[in-house]
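Residue-level structure breakdown
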Amino acid sequence: MFNVTLVNLTPDATTAVEGHAPVDLGRIPANELLALLEVFAAIDAVQNLKVDPEIRVQTRRDRFIIRTGQGKLLLYDARRLSEPAYVYSAGEIIAELDGTAAALRTAAPYSVSPFVSGDSAGTEPGAIDSLPPLPVSAERTWPFALIGLTVLLAGYITYSEFSAADVTARPDLTALTPAERLTEDSSLTGVYMTGSQPGQHGIVVLGDGNLKLFTVNAEAAPSVVYATYKLGRLGTSLHLATDQPGGPIKVTEQKTLEYGGENYERIP
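Residues numbered from 1 in each chain as written. Predicted model: local features only at pLDDT ≥ 70, side-chain atom pairs only at ≥ 80, totals over all residues. Heavy atoms only, no water.

Our next topic: the confidence of the model for the protein. Overall, the prediction assigns the protein a mean pLDDT of 78, with 76% of residues at 70 or greater. Scored below 50 in pLDDT, residues 117–149 shows 51 contacts in the model against residues more than four places distant or in partner chains. Every residue in residues 163–169 is under pLDDT 50, and counting partners more than four places away or in other chains gives seven contacts. (pLDDT = per-residue confidence, 0-100. Contact = heavy atoms within 4.5 Å.)

Okay, here's the thing in structure tokens:
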């Protein structure tokens, strides 16, 4: 059994809702958590980028945070959030949480679990009997280290790529009236992307002066840089002046964005 709490999610984990009160599901068996994770992994990508939903799981000894991106599940040790996440399927996460994967790794030539101490005693007997054995091998161990390094490097690359188009003199923007700012802020809130392939970029305008810049990764969640902005006009064009290098973000007449020499189309 696992103690499960949903953050920024509806009780069935099908929809991400910003500011949604945490949903405490209490203690649920492994098969119910498995089904919940499979639904969570399929959540709408735009909602996921805007809201950052997560599932928090507590076992007898450990606490974990599960996030999703690109249809994958990312498992974090809640006590060591500065460390990279591990990319797993729903079944593999259950095996990590209940100690099955750790037990398999204790037999040669398997290695020690990356961070899970195990909680097999706290899992409902037979709850995951239907799951196939996980092929844990040396070939499976090294990609996790590579993924962790990739995520760390991607964060730096995200900043570097957005910084590459920096300008030394940033023009002053003409401030909007409070009514204009409220109207434009509301209409601009959303997700904008140059494309969905690895290496391409996106901007999430969260509203109220906050946004996210991100880079799409192939094997992990997008690398994200959080930023703030102020709305104003440069000539007749609306711009978002951010606290990041790269100059202001221009809003075109078609409500697309131009930033760092790239065009960002709004995602419906």
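Once that is clear, we can look at the pairing of strand E9 (residues 201–207). Within E9, six of the seven residues are buried, which leaves it mostly tucked inside the rest of the structure. Hairpin connection between E9 and strand E10 (residues 210–215): a loop of two residues separates the two successive antiparallel strands, and Asp208 in this loop has a positive phi of roughly 55°. (Buried < 20%, exposed > 50% of the residue type's maximum accessible area, 1.4 Å probe, protein only. Helix = DSSP H or I, 4+ residues; strand = E, 2+ residues; numbered from the N terminus. Pairing = 2+ DSSP bridges.)

Turning our eyes to something else, we now look at the sheet that holds strand E1 (residues 2–7). Strand order in the open sheet formed by six strands is E2-E1-E3-E4-E5-E6, and the pairing between neighbours is antiparallel. Since the sheet does not close on itself, it has two edges, and those belong to strand E2 (23–28) and strand E6 (86–88), each with one partner. On average, adjacent strands in this sheet sit at an angle of 25° to one another, irrespective of strand direction. As paired elements, E1 and strand E3 (residues 54–58) share five bridges and run antiparallel to each other. Note that in E3 the partner of Val4 across the bridge is Val57. (Axes fitted to C-alpha atoms, helices over the stretch in contact; angles between N-to-C directions.)

Okay, helix H6 (residues 178–188) next. Considered for burial, the residues of H6 that qualify are Glu184, Asp185 and Leu188. For H6, the angular spread of the buried residues around the axis is 105°, confining them to a single face. Residues of H6 that are exposed and angled more than 90 degrees away from the buried face: Pro178, Ala179, Leu182, Thr183 and Ser186. For H6, the elements touching its buried residues are strand E8 (190–193), E9, strand E11 (223–234), strand E12 (237–242), strand E13 (249–251) and strand E15 (262–266). Directly beyond the C-terminal end of H6, a positive phi value near 160° is found at Gly190. (Arc of directions from axis to C-beta.)

Here Ala13, not a glycine, exhibits a phi torsion of approximately 65°, which is positive. Mapped onto the fold, Ala13 is located in the loop between E1 and E2. A relative accessible area of 0% means that Ala13 is categorised as buried. Positive phi values are uncommon outside glycine, yet Lys255 reaches one of about 65°.

With that out of the way, let us pick up the pattern of salt bridges. Scanning all chains against the criterion turns up six salt bridges. Across the pair Glu54 and Arg67 runs a salt bridge, and its minimum N-O distance is 3.0 Å. With a gap of 13 residues between them, Glu54 in strand E3 and Arg67 in strand E4 (residues 63–69) connect regions that are remote in the sequence. In this structure, the salt-bridge partner of Asp77 is Arg80, at a minimum N-O distance of 2.8 Å. The exposure class of Asp77 is buried, given its relative accessible area of 6%. Among the charged side chains, a network of salt bridges with common partners joins Glu54, Arg56 and Arg67. (Salt bridge = Lys/Arg side-chain N within 4 Å of Asp/Glu carboxyl O.)

This paragraph deals with the packing of aromatic side chains. All told, the structure shown has one aromatic pair when counted by the stated rule. Geometry around Tyr76 places Arg67 over its ring, the cationic atom sitting 4.9 Å from the centre. (Phe/Tyr/Trp six-rings, centres within 6.5 Å; stacked < 30°, edge-to-face > 60°. Lys NZ or Arg CZ within 6 Å of the ring centre and 35° of its normal.)

Tracing the chain through its elements places Lys255 in the loop between E13 and strand E14 (257–259). Taking the C-alpha atoms as reference points, Lys255 and Tyr192, 63 residues apart in sequence, are found 9.9 Å from one another. If we skip the residues at most four places from it in the chain, Lys255 touches Glu184, Ser187, Leu188, Tyr192 and Arg266. Side-chain polar atoms of Lys255 contact the side chain of Glu184, separated by 3.1 Å. (Polar contact = N/O pair within 3.5 Å; in protein donor to acceptor, adjacent residues only side chain to side chain.)

Before going further, it helps to examine the nonpolar core. Counting 29 residues, the largest nonpolar core has Val4, Leu33, Leu37, Ile55 and Ile66 as its most contacted members. For this core, the secondary structure elements donating two or more residues are E1, E2, helix H1 (30–41), E3, E4, strand E5 (72–77), E6 and helix H3 (90–98). Ranked by the residues each element gives to this core, the list is headed by H1, at seven residues. Counting 18 residues, the second largest nonpolar core, distinct from the first, contains Tyr192, Val205, Ala227 and Leu238. (Core = buried A, V, L, I, M, F, W, Y, C linked by side-chain atoms within 4.5 Å.)

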